[in-house]
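Structural overview
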Amino acid sequence: DGDSSRRRQPRGGSRRRSGSRGRRKKSPEDEFAKLWDRLEWLKRRREESSGSSGSDDGRNAEIRTLRDRMATQVKKARRRESLGLAVKILEKSGKLDQGVLHEFLEMGARKPGASLFAPILMLCVVGKLKLTIQEFAKVVGVLVQRGAPVAQIRAVLNLVVPRGEPAIPLVPPGLEPEEVSAVFQDEAPDEDSNAEDEADKSNMTREAPSERLEVVGCKAHPQLNGTYDLDADTTSFGRPTYVRKDGTKGMVHYKRDGGVGYWVASPGFGEEALLINKRDARHP
């Protein structure tokens, strides 16, 4: 019997090893789908228990730790990590910090990538985010300034639709079929979000951007000449943006097309680039 048990043991071990080798590693798309399903479940749970006041979680050390970690990740502009922590808080019947949630929504509005903005928006619904008129106007203003997709802006407008009223459709009525795709077209494709997040992370450890820059000697578009100040509230692909504050319309920001990055001066996000610097650098 002892010999028999010793012979069986290696076979059992080999089966465990082959099982681990055959296990498929989860892709970012799998993780994102799982996160979205968890948010959908939390939304349904909130609707089913809309009459309850919820538990007092202020004394729960684990939830406080998760809140602190989420606040740190939001400060670092790390969307995926922030979403994951927020969902964990809600799954433990905790409440999201309204200030951090508002900051998260603003950060999501500043960064291209509709596939990550959609769960941020749902998180605001599940987390019962309350916005003042000024705060709501700022979020919409950031989206418009960045040249965000029309569908993304219309989705945000639904945050202020009264309960019981029909939602604003993402696609405006009366568009031709060939015009519909433009409604969803973002400044950067969703697959660039990983590189963009990494750029934000590395930007935290590099030198700070200049507070001011000056454009001189442009004869083709002399209106672009002048001083541009750092816009602390807006980034483009993890890079700083600069705006005119003398009443003249103008902006210097980073763009990326087809995986190629460069700096431009233009009247604003989404408008024609009048001056192009093809140097792909962290700062202009």
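First things first, this report covers the structure right here in the doc. Computed from a prediction, not measured in an experiment: that's the story for all the values here. (Residues numbered from 1 in each chain as written. Predicted model: local features only at pLDDT ≥ 70, side-chain atom pairs only at ≥ 80, totals over all residues. Heavy atoms only, no water.)

**Focus: helix H7 (residues 133-146)**
For H7, which comprises 14 residues, the first-to-last C-alpha distance of 20 Å matches the rise-based estimate of 20 Å (1.5 Å per residue) to within 8%. Within H7, burial applies to Phe 136, Val 139, Val 140, Val 142, Leu 143 and Arg 146. Angular distribution of buried residues about the axis of H7 spans 150 degrees; they occupy a single face of the element. In H7, the exposed positions that point more than 90 degrees away from the buried face belong to Ile 133, Gln 134 and Val 144. Where H7 is buried, its residues touch helix H5 (98-110) and helix H8 (150-157). At the C-terminal side of H7, Gly 147 shows a positive phi close to 75 degrees. (Helix = DSSP H or I, 4+ residues; strand = E, 2+ residues; numbered from the N terminus. Expected span 1.5 Å × (residues − 1). Buried < 20%, exposed > 50% of the residue type's maximum accessible area, 1.4 Å probe, protein only. Arc of directions from axis to C-beta. Contact = heavy atoms within 4.5 Å.)

**Details of the pattern of salt bridges**
As enumerated under the stated definition, the model contains seven salt bridges in all. With a shortest N-O distance of 3.9 Å, Arg 110 and Glu 106 are connected by a salt bridge. Here the residue Arg 110 and the residue Glu 106 both occupy positions in helix H5, the gap between them amounting to four residues, near one helical turn. By relative accessible area, which is 17% here, Arg 110 ends up buried. Several salt bridges share partner residues, and in doing so they unite Glu 106, Arg 110 and Lys 138 into one network. (Salt bridge = Lys/Arg side-chain N within 4 Å of Asp/Glu carboxyl O.)

**So, the pairing of strand S5 (residues 260-266)**
Most of S5 is tucked away, with six of its seven residues classed as buried. As judged from the seven bridges shared by strand S4 (residues 251-257) and S5, these two strands associate in the antiparallel manner. Bridge assignment links Val 252 to a residue of S5, and that residue is Ala 265. Where S5 and strand S6 (residues 275-277) come together, three bridges link them in antiparallel fashion. Paired with Ala 265 across the bridge in S6 is Leu 275. (Pairing = 2+ DSSP bridges.)

**A look at unusual backbone geometry**
For Ala 77, which is not a glycine, the phi torsion comes out positive at approximately 60 degrees. Residue Ala 77 is classed as buried on the basis of its relative accessible area, which comes to 12%. Even without being a glycine, Lys 128 presents a positive backbone phi close to 55 degrees. You can see Lys 128 is positioned in the loop between helix H6 (114-126) and H7.

**Thoughts on a positive patch on the surface**
Together, Lys 95, Lys 128, Lys 130 and Arg 163 line one region of the surface with positive charge. Inspection of the secondary structure puts Lys 130 in the loop between H6 and H7. Judged by its relative accessible area of 65%, Lys 130 is exposed. (Patch = residues over 30% accessible without salt bridge, like charges linked within 9 Å, V, L, I, M, F, W, Y side chains within 5 Å. Areas by Shrake-Rupley, 256 points an atom, 1.4 Å probe, with all protein chains shown as cover. Lys, Arg positive; Asp, Glu negative; His and termini not counted. Charge placed at Lys NZ, Arg CZ, Asp CG, Glu CD.)

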